[in-house]
Protein chains: 6
Amino acid sequence: MRTDRSSDSIRKISITRNYIIYPEGSVLIEIGNTKVICNATVEENVPNFLKNSGKGWLTAEYSMLPCATHKRNRRDISSLKLNSRAVEIQRLIGRSLRSALDLEMLGERTINIDCDVIQADGGTRCASITGGFIALHDAISKLSRNGLITKNPIKNFVAAVSAGIVDGEICLDLAYEEDSKAEVDMNFVMNDKLDFIEIQGTAENGAFSRETMNEMMDLASEGISKIINIQKNSIGDNF
Amino acid sequence: MRTDRSSDSIRKISITRNYIIYPEGSVLIEIGNTKVICNATVEENVPNFLKNSGKGWLTAEYSMLPCATHKRNRRDISSLKLNSRAVEIQRLIGRSLRSALDLEMLGERTINIDCDVIQADGGTRCASITGGFIALHDAISKLSRNGLITKNPIKNFVAAVSAGIVDGEICLDLAYEEDSKAEVDMNFVMNDKLDFIEIQGTAENGAFSRETMNEMMDLASEGISKIINIQKNSIGDNF
Amino acid sequence: MRTDRSSDSIRKISITRNYIIYPEGSVLIEIGNTKVICNATVEENVPNFLKNSGKGWLTAEYSMLPCATHKRNRRDISSLKLNSRAVEIQRLIGRSLRSALDLEMLGERTINIDCDVIQADGGTRCASITGGFIALHDAISKLSRNGLITKNPIKNFVAAVSAGIVDGEICLDLAYEEDSKAEVDMNFVMNDKLDFIEIQGTAENGAFSRETMNEMMDLASEGISKIINIQKNSIGDNF
Amino acid sequence: MRTDRSSDSIRKISITRNYIIYPEGSVLIEIGNTKVICNATVEENVPNFLKNSGKGWLTAEYSMLPCATHKRNRRDISSLKLNSRAVEIQRLIGRSLRSALDLEMLGERTINIDCDVIQADGGTRCASITGGFIALHDAISKLSRNGLITKNPIKNFVAAVSAGIVDGEICLDLAYEEDSKAEVDMNFVMNDKLDFIEIQGTAENGAFSRETMNEMMDLASEGISKIINIQKNSIGDNF
Amino acid sequence: MRTDRSSDSIRKISITRNYIIYPEGSVLIEIGNTKVICNATVEENVPNFLKNSGKGWLTAEYSMLPCATHKRNRRDISSLKLNSRAVEIQRLIGRSLRSALDLEMLGERTINIDCDVIQADGGTRCASITGGFIALHDAISKLSRNGLITKNPIKNFVAAVSAGIVDGEICLDLAYEEDSKAEVDMNFVMNDKLDFIEIQGTAENGAFSRETMNEMMDLASEGISKIINIQKNSIGDNF
Amino acid sequence: MRTDRSSDSIRKISITRNYIIYPEGSVLIEIGNTKVICNATVEENVPNFLKNSGKGWLTAEYSMLPCATHKRNRRDISSLKLNSRAVEIQRLIGRSLRSALDLEMLGERTINIDCDVIQADGGTRCASITGGFIALHDAISKLSRNGLITKNPIKNFVAAVSAGIVDGEICLDLAYEEDSKAEVDMNFVMNDKLDFIEIQGTAENGAFSRETMNEMMDLASEGISKIINIQKNSIGDNF
């Protein structure tokens, strides 16, 4: 049973904008003990399959510093293989943030979202999406200030939160210790209308019922609502 | 609009057991034009993190032959990188089939599920899970016949099906052409109690409502129910 | 001593054309228990060294599914190295089938021959060449039907067979068990005039005399003659 | 000509200890706009060549986040090659910090120093050594507090600073803009007796005289003296 | 037509023993302008499949310096792929020299034959085998002198030579210019009884008759006979 | 204590020009038992960052044959990683020889310096630079003879030598046995005015004083002076 907060509450979120000076958008997001640097950079070209399409693209990369977890992890380059968990996560981040964009309004350019986990305590993929959205917003603002785009290609806010069943209880925003013993672990990516962008969940041991799914969706909606408010406060009137 | 079948129907499924002579379990599964060879082999050791735990493991690999799709794909080895879509899929297959097993009853051995797509027409990950379950079953049966295990570690049936929104209509079991234009694309992995093992869905363009989610869950339950019946017929009294 | 067939006989060969629906040519060849999928695809460009030469090219790739042999093999991508035996074999397949083509008549395009061994019981490189030739023929026919070439660039049939010395006896078309204990193991690639395209043989233990070589060449000629007849029957009047 | 500080002065240095919660030593070092996270972790084994020698080891890894520089850099893993500049730098860091240790007093364990550059503005290798030394100190302190070592294996302080010739003038502690146009660029690693541990310098255009070398050594000694004072203040009485 | 020597003659061969001081056997072999360093080293263990078998092993590696040919070649490591021609050749060298050894008499140790081509002018694989045999001989002699083996495990001499059809004429020992326009190119590995160890030949354009094959075998036998004499002279009474 | 020569003397140097027939410049340099082949080749293009700059480039690669040292080393390609010591050395060679060139006079072409160590006995990086300079000179001469350049882009001679402290004594040009026990090991790259191009030194155990540094610089200047004389004699009047 959680002792530091209620099962339906999220951890403290802190968003530091303009964290690094070089990228077009740069955010340090802290959710409890989880800390992720989300940098958005703009490249004036697109992957081959979009050349001459008039459309832009967004892609994401996710990585953890070797010491971001309890036990040091080897760097990907030392095994010459991109960590398969990271592959799964960066595909999720890419799809999620791409859904926020009108790719035609963006024009033929690519936004790279680099999410580097400095310290991990559960929920790093959700933090990457939530923080990555702000970095994306700031990069788009910069394109706009520089006159490179005239209409805002951002269609809606995007945020993510986890929910799961821990010791039989449905909990929101799982920290690492909870996550590691969760029976069910789901990640919800949603927009500011509280519609779903991505749902991804798994029950490693056993299975979960339709009812449980409904309860988790309820909880996630409440959480996303709070998180998007925090995003809005962070951005101020800029959107 | 579908012309060859109703939007809530699944494609014809054919399961050929003992397809290859060497592996402990070997299945050719055909779902419409999608054809996947699912081979289950048994290794008498476990990954390091399970040594001396008394528990076994199940892992999966997924790959497509270069000519399995409309346009020939390069082999992973020629770019020295495992295709990132394949990474995501094989992690899904592994988690899904692992959920069918009591890993302590399995004992300290590893089941490898190799899913090789010979011909792809949508739904290859679902076909891999559905066919992989039969291969897993047959490998377990062989362990049992050989006296290596005494209790059946398989806890339940596992099958998977996709659902999505195509041209505004909710459809079950999407073929490639439907999938490539779907607004929402979800994959449901479920057991024979129709509880969820894994839910994975994404809306590349836009988002989808709670109602839509509910309808897709309804449709998926019906589909899984039919698919598990086909699995049961394929196995006969052996379970 | 062989019990199931005479030492100068070949195993049963079955050729299934149009096995996969996407490639221009697709063949499943079964020789005894050996099963190989041979797919031929056409690319409208050539390697750099042939650009603007007016000549085309043919290249081959050879791979085995992990469960194609008694003991599961790791995939190449997991060690980041292309299996060295496969390298040797795919170079042989490429040279052999290239010899069947008038590369100027083919024009500046590349034929890829993908040979994927589903089940291996000896003779997989020979099966790949024999089956690959039919896939090549079918791909060329399609180019011709589509008006992309006007003259047939195929100069002759190509087929391959192994011969070897097993327990002191010269045998044709070795199955795996024979091959693994053979003193000499040769592969002959020949055309329909029974001239040689490639000869490749080795004596891991000891050496073999000129006489033995002569006897193996005699046996191979007889075998190739039968195999090319089977190829011709498979194609019918199409050549 | 420098406008913000004199040519013989160093930039502002800020050292934040215990930056990340998991590693045994964790430091964020900021030198001007350069920011590096230096994490020291302890592994209870040694490389093969030291097994049963009674001696420990120290090794370092150096990397930059993709957005740490003006233009985004691709991650090493995407090219499957460790950046050759990083190889050179991490070998330098390893040799430099190893020189601070009595490897026999350390015992058969390995200290990993991970230097991850968050933001680069010149002098990242020097910052890594200077900050890495504090992380190393903190990791050793933790070993000592935990009773794993009884004598302090740290023999001396280690710090590093760059010197170079910019527009004909000898400057200390070059920022990126200076470094990129420097005629000579040297890095000095020294201890608290102001003896040399490593000297590494290069003149890409032309060469430099013995006199210039002497002046740079003078300047470096003064700089190191200040930097080691800052290190001492950061540690307090703990050493 | 050859102008510098008759079509049935071999080029001048020079064998320098003890070329490099460290390996157990070290030979520089020069055949015309082709120069190959062949080093034989001994490792006191065997590959896994031979552990506790009482048998030894021999393996070979073949590589060319980047500047060994007319146009500089990239190093394998820069593309992260072992050159496929080198793979084929080193497998040939390994099989050929292994055939010279009684692996049980060798005992559980591995001989590595490293063949590094310094300058290539055709026939590098044959030079590697011919020179590698002398390096192997010298390594075995050293094992014997050191009392590590008591019986000579070398069963016979091994040498190799190429033959081919150039401008319609059958030629022995092809130089690069001849090789590059040869209609047929065969490599013969033989022992001192003039029995065959390996035959490897290909007709890239067209095919060749049984008669041509016979003539090439005649020519190769004469060539091998001369080459083995040169090997014998090089070794002196030591064998 | 050195017995074969005085502590301030260099080993015997032998320079063989035109060693390999294909590259524009080719040198075998022997310094004591150290033997390095240095080949210089010219490519008529430049790296991307110099396209349309009017400037040329020089790059170096350094490698050791597997048997160049006491114990056989695995080839880089077998671990898919370029040896990190080699990375450091080839960067040093590249910077050092680049400093000899006026890159604008060279024009938009690239010189590749390949340094392949045949036999290593200490000082291989210095031998590579000293020998590489002669190969560079010869390649430039060839460009000049072929009318591709009209002014000599070589600004000065470049040579390198090591100095170190062995058993408390300062020594010049360390052989392997000395190097492996040296307390300090420095490499000096200098030109014919005896100015410094690169200084690289390290004290793995402990540190060294300013005085020691001065003495090593003195010794190095004397050594370089002798080595450049040998370079000049080797080239004759050609410069």
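In this convention, every chain numbers its residues from 1, walking through the sequence in written order. Chains carry letters from A onward and ligands carry numbers from 1 onward, assigned in written order. At least 70 in pLDDT is required for a residue's local features to be given in this predicted model, at least 80 for side-chain atom pairs to be given and counted, and no such filter applies to totals for whole chains, interfaces and linings, which use all residues. Side-chain metrics rest on all non-hydrogen atoms present in the structure, leaving aside hydrogens and water.

A. Structural context of the relation of the copies chain B and chain A. When chain B is fitted to chain A, the residual RMSD is 0.0 Å, and the transformation amounts to a turn of 180° plus an axial shift of 0.0 Å. Taken together, these values place the two copies in the relation of a two-fold axis. Ranked by how close their C-alpha atoms come to the rotation axis, the residues of chain B are headed by B:Gln200, at 2.2 Å. Taken together, the interface assignments show that 100% of the residues at the interface of chain B recur at the interface of chain A, consistent with an identical surface on both copies. Each copy is superposed on the other by least squares, with the fit set by C-alpha atoms of residues at a pLDDT of at least 70 in both. In this description, contact between two residues means that some pair of their heavy atoms is separated by no more than 4.5 Å.

B. Quick look at the interface of chain B and chain A. Contacts between chain B and chain A engage 30 residues on the former and 30 residues on the latter. In total, chain B and chain A occlude about 2,800 Å² of area from one another, counting both sides; carbon and sulfur atoms represent 45% of this. Summed over both partners, the accessible area (1.4 Å probe) lost when two parts come together is defined as the buried area. Of all residues in chain B, B:Glu88, B:Phe196 and B:Arg210 bury the most surface against chain A, accounting for 22% of the area lost on that side. Here, a salt bridge means any side-chain nitrogen of Lys or Arg that lies within 4 Å of a carboxyl oxygen of Asp or Glu. At the boundary of chain B with chain A, the tally comes to 6 salt bridges. A salt bridge links A:Arg95 to B:Glu88; the nearest nitrogen and oxygen atoms lie 3.1 Å apart.

C. Structural view of the relation of the copies chain B and chain C. The two copies are related by a screw operation: chain B maps onto chain C through 180° of rotation and 0.0 Å of translation along the axis, at an RMSD of 0.0 Å. In this assembly the copies share their binding face: 100% of the residues contributing to the interface of chain B also contribute to that of chain C.

D. Structural context of the interface of chain B and chain C. In this complex, chain B contributes 33 residues to the contact, which on the side of chain C involves 33 residues. Taking both partners together, chain B and chain C bury about 2,800 Å²; carbon and sulfur atoms supply 58% of that area. Measuring nitrogen to oxygen at the nearest pair gives 2.7 Å for the salt bridge that ties C:Glu61 to B:Arg75. Each polar contact in these results corresponds to two N or O atoms within 3.5 Å; when the atoms are within protein, one needs to be able to donate a hydrogen and the other to accept it, and residues that are neighboring in sequence are counted only if both atoms are side-chain atoms. Our count for the contact surface shared by chain B and chain C stands at 15 residue pairs in polar contact (both at pLDDT 80 or more). Under the scheme applied, nonpolar residues are Ala, Val, Leu, Ile, Met, Phe, Trp, Tyr, Cys and Pro; charged residues are Asp, Glu, Lys and Arg; polar residues are all the others, including Gly. For the side of chain B that touches chain C, the class distribution of residues is 16 nonpolar, 8 polar and 9 charged.

E. Fine view of the packing of helix H2 (residues 84-98) of chain A against helix H2 (residues 84-98) of chain B. Axis definition: a line fitted to C-alpha atoms, over the contacting stretch in the case of helices. Angles run 0 to 180 degrees between N-to-C directions. We count a stretch as a helix when DSSP gives it H or I for four or more residues in a row; a strand needs E for two or more, and each element gets its number in order from the N terminus. As a packed pair, H2(A) and H2(B) sit with axes 9 Å apart at the nearest point and diverge in direction by 110°. The pairing of H2(A) with H2(B) is recorded here as roughly perpendicular in orientation. Classified by chirality, the crossing of H2(B) by H2(A) is left-handed. Facing A:Ser84, A:Arg85, A:Val87, A:Glu88, A:Arg91 and A:Arg95 of H2(A), the residues of H2(B) in contact are B:Ser84, B:Arg85, B:Val87, B:Glu88, B:Arg91 and B:Arg95. Among the residues forming the contact of H2(A) with H2(B), the class breakdown is 2 nonpolar, 2 polar and 8 charged. Throughout this description, any angle smaller than 35 degrees is read as roughly parallel, any larger than 145 degrees as roughly antiparallel, any in the 65 to 115 degree range as roughly perpendicular, and the remainder as oblique. By convention the crossing between two helices is left-handed if the near helix lies anticlockwise of the far one by an angle smaller than a right angle, and right-handed if it lies clockwise.

F. Structural context of the pattern of salt bridges. Residues and elements named next belong to chain A. Tallied over the full model, the rule gives 114 salt bridges over all chains. With a closest N to O distance of 3.2 Å, arginine 11 and aspartate 173 form a salt bridge. Taken as a pair, arginine 11 in the segment before strand S1 (13-17) and aspartate 173 in the loop between strand S7 (169-172) and helix H5 (176-180) lie far apart in primary sequence, 162 residues in all. Like arginine 11, the residue aspartate 173 is buried in the burial classification. Three or more residues are tied together by salt bridges with common partners; here these are Arg2, Arg5, Arg11, Asp121, Asp173 and Glu178. With a 1.4 Å probe rolled over the protein chains alone, any residue whose accessible area is under 20% of its type maximum counts as buried; one over 50% counts as exposed, and the rest are partly exposed.

G. Quick peek at the sheet that holds strand S5 (residues 110-119) of chain D. All names here are of chain D. Two strands make a pair as long as DSSP finds a minimum of two bridges between them. The strand order across the open sheet built from 5 strands is S1-S2-S3-S5-S4, with neighbouring strands paired in mixed fashion. Two strands in the sheet have a free side with no partner beyond their single neighbour: strand S1 (13-17) and strand S4 (57-64). Each strand axis lies, on average, 15° off the axis of its neighbour in the sheet, ignoring direction. By the bridge criterion, 7 bridges tie strand S2 (residues 25-31) to strand S3 (residues 34-43) in an arrangement that is antiparallel. Counted as the bridge partner of glycine 25 is alanine 40 from S3. Its contacts with the sheet put helix H4 (residues 124-145) on S1, S2, S3, S4 and S5, and the angle it makes with S3 is roughly 35°.

H. Fine view of the sheet that holds strand S1 (residues 13-17) of chain E. Residue and element names in this part refer to chain E. The sheet built from 5 strands is open, its strands ordered S1-S2-S3-S5-S4 with mixed pairing. Looking at the sheet topology across the chains shown, the edges are occupied by S1 and strand S4 (57-64). Within this sheet the neighbouring strands show an average axis-to-axis angle of 15°, counted without direction. Contacts from helix H2 (residues 84-98) reach S4 and strand S5 (110-119) within the one sheet, and its direction differs from that of S4 by about 145°. Relative to the sheet, helix H4 (residues 124-145) contacts S1, strand S2 (25-31), strand S3 (34-43), S4 and S5, its axis offset from that of S3 by approximately 35°.

I. Inspection of the confidence of the model for chain A at higher detail. Mean pLDDT for chain A: 96, with 99% of residues reaching 70 or above. Across the interfaces of the predicted complex, the ipTM metric reaches 0.95, alongside a pTM of 0.95. Values of pLDDT, ranging from 0 to 100, describe the predictor's confidence in every residue of the model.

J. Here's a closer look at the pairing of strand S3 (residues 34-43) of chain B. Residues and elements named next belong to chain B. With respect to burial, S3 is a largely interior element, 9 of its 10 residues being buried. Hairpin geometry of strand S2 (residues 25-31) and S3 is characterised by an intervening segment of 2 residues between the two adjacent antiparallel strands and by a positive phi of about 55° at glycine 32. Pairing of S3 with strand S5 (residues 110-119), which is carried by 9 bridges, proceeds in the antiparallel orientation. Bridge pairing in S5 links alanine 40 to isoleucine 113.

K. A look at the packing of aromatic side chains. Ring pairs shown here join Phe, Tyr and Trp side chains whose ring centres sit within 6.5 Å, with only the six-membered ring taken for Trp; geometry is labelled stacked below 30 degrees between planes, edge-to-face above 60, and tilted in between. One pass over the full model with this rule turns up 24 aromatic pairs over all chains. With 5.6 Å between their ring centres and 40° between their planes, C:Phe196 and E:Phe208 make a pair best called tilted. In this pair, C:Phe196 sits in strand S9 (residues 196-202) while E:Phe208 sits in the loop between strand S9 (196-202) and helix H6 (210-235), so the two residues belong to two different chains. Taken individually, C:Phe196 and E:Phe208 each receive the classification buried, so the pair is uniform in this respect. Through a chain of ring-to-ring contacts, the aromatic side chains of A:Phe188, A:Phe196 and B:Phe208 assemble into a single cluster. The ring of A:Phe157 carries A:Lys232 above its face, with NZ or CZ at 5.3 Å from the centroid. Charge-over-ring contacts are defined here by two conditions on Lys NZ or Arg CZ: a distance within 6 Å of the ring centre and an angle within 35 degrees of the ring normal.

L. Focus on the nonpolar core. We call a set of buried residues a nonpolar core when its members are Ala, Val, Leu, Ile, Met, Phe, Trp, Tyr or Cys and they connect through side-chain atoms within 4.5 Å of each other. Among the nonpolar cores identified, the biggest contains 154 residues, and A:Phe188, A:Met213, B:Phe188 and B:Met213 are the most heavily contacted of them. Apart from residues no more than four positions distant in its own chain, A:Met213 is found in contact with A:Met186, A:Phe188, A:Ile199, A:Phe208, B:Phe196, B:Ile199, B:Met213 and B:Met217.

M. How the structure looks around helix H4 (residues 124-145) of chain F. All names here are of chain F. Between the first and last C-alpha of H4 there are 31 Å, a value that for 22 residues agrees with the 32 Å anticipated at 1.5 Å per step. Among the 22 residues of H4, 19 are classified as buried, and the element is accordingly described as predominantly covered. Glycine 147 lies just past H4 and shows a positive phi near 75°. How far a helix is expected to stretch is found by multiplying one less than its residue total by 1.5 Å.

N. Geometry of the environment of F:Ile165. All names here are of chain F. Among the secondary structure elements, isoleucine 165 is positioned in strand S6 (residues 158-166). Residue class for isoleucine 165 comes out buried when judged on its relative accessible area of 9%. On a C-alpha basis, the gap between isoleucine 165 and serine 53 in space is 45 Å, while along the polypeptide they are 112 residues apart. Setting aside anything within four residues of it in sequence, one finds isoleucine 165 in contact with Ile170, Ala182, Glu183, Val184, Thr212 and Met216.

O. Looking closely at helix H6 (residues 210-235) of chain C. A rise of 1.5 Å per residue sets the reference length of H6(C), with its 26 residues, at 38 Å; its end C-alpha atoms lie 37 Å apart and thus fit the reference within 8%. Among the residues trailing H6(C), C:Gly236 stands out with phi positive, at a value near 75°.

P. Looking closely at the side chain of E:Asn156. Mapped onto the fold, E:Asn156 is located in the loop between H4 and strand S6 (158-166). When near neighbours in sequence (up to four residues on either side) are disregarded, E:Asn156 contacts E:Ser99, E:Ala100, E:Phe133, E:Asn191 and E:Asp192.

Q. Representation of the packing of H4(F) against helix H6 (residues 210-235) of chain F within the structure. All names here are of chain F. Where H4 contacts H6, the axes come no closer than 11 Å and their chain directions differ by 30°. Taken together, the axes of H4 and H6 lie roughly parallel to each other. Between H4 and H6 the crossing geometry is right-handed. When H4 is examined against H6, the residues Thr130, Phe133, Ile134 and His137 are found in contact with a partner set consisting of Ile227, Gln231, Ser234 and Ile235. Classifying every residue of the contact of H4 with H6 by side-chain character gives 4 nonpolar, 4 polar and no charged.

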